[in-house]
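Structural overview for review
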Amino acid sequence: MSMASKNVCLEVSESPFQESEIGPSVSSPSEGESMTIPKASALHIGKQGLSRASSVHELLECPVCTNSMYPPIHQCPNGHTLCSSCKLRVHNRCPTCRYELGNIRCLALEKVAESLELPCKYQGLGCPDIFPYYSKQKHEAQCTFRPYNCPYTGSECSVMGDIPTLVAHLRDDHKVDMHNGCTFNHRYVKSNPQEVENATWMLTVFNCFGQHFCLHFEAFQLGMAPVYMAFLRFMGDDNEAKNFSYSLEVGANGRKLIWQGVPRSIRDSHRKVRDSHDGLIIQRNMALFFSGGDRKELKLRVTGRIWKEQ
């Protein structure tokens with residue numbers, strides 16, 4: 001469901017007890033041949049192998065998109081290489097010399113890549129592992145040291161980083177409400193709720209058990225029914241998130257709805273969590289009943305707590 005017309009509602013602290021109101025030249029080979037590269041022994045990262053491996057790795061960088069090249073690696077008659085994706089983008093013309101590319105594969109470079117071992121590209125973020133060239137990409141897609149996307153949902157944010165970086169970014173750039181503690185008591189308000197189909201309230205971040213959690217609250221259409229949904233995301237990987245549980249509670253007039261679950265990692269996008277219905281879902285009519293009064297204004301109090309599983 002499109003959220004292009006999403007409204008963003010502000011959050012205002014209500015009391016010091018965590019209650020808040022949330023209003024990036026080689027001789028030409030013939031067709032089918034490949035360019036010649038000196039045979040390499042197994043290359044790996046070490047005190048003596050670093051420079052050599054880095055030099056070969058540079059040969060495996062596509063000059064168009066600058067990504068690492070994987071089979072089939074193409075080359076022009078003059079020996080200039082590029083990846084298969086970019087071969088289509090440049091309309092079969094070498095971007096370096098403008099010769100027609102044809103269907104020449106650089107088999108020698110593909111073979112050299114098989115003997116190459118390189119560190120994970122997230123080495124600077126703490127990953128200590130080294131991988132064969134053709135296994136490196138698969139690892140990096142799941143590396144636990146890879147940066148996280150900003151979990152803010154009020155707008156499309158392209159910032160990525162480790163958890164301390166994102167916490168500072170949420171606080172300083174998005175001005176989200178930051179709380180210390182594992183219990184919360186929020187009141188979400190909205191005038192004329194019948195006129196709002198899609199809305200996202202300001203994110204709240206909790207520092208609890210030395211970890212950070214994001215509390216989301218929003219309105220959207222579930223099928224034909226307008227609903228509100230609250231859910232918690234963990235700022236870390238899924239295997240860490242499973243160490244925690246949380247509960248959410250909403251009610252009034254002797255009625256109560258309670259949700260208990262496990263916070264989802266921010267590796268899962270906000271949209272993925274919402275569309276899986278993994279949280280407290282309140283139909284709009286019920287939310288307005290809980291709000292009291294003439295049901296023309298949303299005043300929904302959501303309480304909850306976070307605990308660590310033993």
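Note that the structure is predicted; figures quoted are calculated from it, not measured.

To continue, consider the packing of aromatic side chains. Summed over the entire model, instances satisfying the criterion amount to 14 aromatic pairs. Between Y70 and Y133, the ring centres sit 5.0 Å apart and the planes meet at 25 degrees, which makes this aromatic pair stacked. With Y70 in the loop between α1 (50-59) and β4 (74-75) and Y133 in helix α4 (residues 133-142), this pair connects stretches of sequence that are 63 residues apart. The pair formed by Y70 and Y133 is uniform in burial state, with each residue classed as buried. Aromatic rings pair up to connect Y188, W201, F217 and Y228 into one cluster. Here the basic side chain of R267 rests over the ring of Y148, its NZ or CZ set 3.7 Å away from the ring centre. The residue whose ring lies beneath R274 is F220, and the NZ or CZ to ring-centre distance is 4.7 Å.

Another point: the pairing of strand β13 (residues 204-208). Residues in a regular strand project their side chains so that they alternate between the two faces of the sheet. Most of β13 is tucked away: 4 of the 5 residues are buried. Here strand β10 (residues 177-180) pairs with β13 via 4 bridges, running parallel. By the bridge assignment for β13, N180 is matched with N207. As defined by bridge partners, β13 adjoins strand β14 (residues 211-222) across 5 bridges and the pair is classed as antiparallel. The partner of T204 across the bridge, within β14, is L215.

Right, let's get into the state of the cysteines. A complete count under the given rule lists 1 disulfide for this structure. Covalently, C182 is tied to C208 through a disulfide, its sulfur atoms 1.9 Å apart. Since a negative S-S torsion denotes a left-handed disulfide, the C182-C208 link at about 105 degrees is right-handed. With C182 in the loop between β10 and β11 (183-191) and C208 in strand β13, this residue pair connects regions lying 26 residues apart in the sequence. The class of C208 is buried, set by a relative accessible area of 1%. Unpaired in this structure, C76 has its nearest cysteine sulfur neighbour in C97, at a distance of 3.7 Å. Accessibility expressed as a relative area gives 0% for C76, which makes it buried.

Right, let's get into the nonpolar core. In this structure, W201, F217, L248, L300 and I306 are the most contacted members of the largest nonpolar core, which totals 34 residues. With 7 residues, strand β15 (residues 225-234) is the largest single contributor of residues to this core. Every residue in contact with L300, bar those within four places of it in the chain, is listed here: H186, R187, Y188, F217, V250, I282, A287, F290 and S291. By size, the runner-up hydrophobic cluster in this structure holds 20 residues, among which are M69, C106, A113 and L118.

Note on Y133: relative accessible area 1%, which makes it buried. The residues contacting Y133, other than those within four sequence positions of it, are H57, L60, S68, M69, Y70, A113, L116 and L118.

Attention shifts here to the confidence of the model for the chain. Mean pLDDT over the chain works out to 82, with 82% of the residues at or above the 70 mark. Scored below 50 in pLDDT, residues 1-8 shows 24 contacts in the model against residues more than four places distant or in partner chains. This stretch, residues 24-50, has a pLDDT under 50; its non-local contacts, to residues over four places away or in other chains, come to 50 contacts.

Calculation rules
Residues numbered from 1 in each chain as written. Predicted model: local features only at pLDDT ≥ 70, side-chain atom pairs only at ≥ 80, totals over all residues. Heavy atoms only, no water. Phe/Tyr/Trp six-rings, centres within 6.5 Å; stacked < 30°, edge-to-face > 60°. Helix = DSSP H or I, 4+ residues; strand = E, 2+ residues; numbered from the N terminus. Buried < 20%, exposed > 50% of the residue type's maximum accessible area, 1.4 Å probe, protein only. Lys NZ or Arg CZ within 6 Å of the ring centre and 35° of its normal. Pairing = 2+ DSSP bridges. Disulfide = S-S within 2.5 Å. Core = buried A, V, L, I, M, F, W, Y, C linked by side-chain atoms within 4.5 Å. Contact = heavy atoms within 4.5 Å. pLDDT = per-residue confidence, 0-100.

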